[in-house]
Every structure is written in structure tokens, then in C-alpha cells.
Amino acid sequence: MFATLKRTAKLLRVPTQAERDLAYLNEAGDRYDLEARERNLSNRNRGIVL
């Protein structure tokens, strides 16, 4: 019974910002794409929107 509740709670949990950022970076296709994504995240964290 508790295992079912734990599993359901995991499914309903919203990913943290750090988890979403890591997933975004992991989707990069090559080194240049990764660098662009890193700059994008860095600029977003500084409040700069391009």
C-alpha cells in the first residue's frame, strides 16, 4: 500500500529548476550547441534575455 503511494507521489512531483536545466543541457547535439545552451542558462540567471 505504501509503495503505491510512494510511486504515485514520485509521478506527481515537479522537477526542480536544476533538474530541468540539466535535462536541457543533456539534449545538446554537439559541443557548440552545448556552449550555446550554457550561455543561454548563464544569461537567464543574470536576467539577460536574448
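Everything quoted here is computed from the prediction, not taken from an experiment.

*Asks:* Break down the pattern of salt bridges for me, with residues and values.
*Replies:* Under the definition given, this model contains 5 salt bridges. A salt bridge links Glu27 to Arg37; its shortest N-O distance comes to 3.9 Å. In this pair, Glu27 is assigned in the loop between α2 (17–26) and α3 (31–46) and Arg37 in helix α3, connecting sequence segments 10 residues apart. Overall, Arg37 belongs to the buried group, its relative accessible area being 15%. Linking Arg37 and Asp33 is a salt bridge whose minimum nitrogen-to-oxygen distance equals 3.1 Å. Placement of the pair is Arg37 and Asp33 together in helix α3, with a separation of 4 residues, close to one helical turn. Each of Glu27, Asp33 and Arg37 takes part in a single network of salt bridges with overlapping partners.

*Asks:* A description of the confidence of the model for the protein chain should follow, citing residues and the corresponding values.
*Replies:* Across the protein chain, the average pLDDT comes to 92, with 96% of residues at 70 or higher. Ranking the elements of the protein chain by mean pLDDT puts helix α1 (residues 2–12) last, at 89, and α2 first, at 96.

Rules of the game
- Residues numbered from 1 in each chain as written.
- Predicted model: local features only at pLDDT ≥ 70, side-chain atom pairs only at ≥ 80, totals over all residues.
- Heavy atoms only, no water.
- Salt bridge = Lys/Arg side-chain N within 4 Å of Asp/Glu carboxyl O.
- Helix = DSSP H or I, 4+ residues; strand = E, 2+ residues; numbered from the N terminus.
- Buried < 20%, exposed > 50% of the residue type's maximum accessible area, 1.4 Å probe, protein only.
- pLDDT = per-residue confidence, 0-100.

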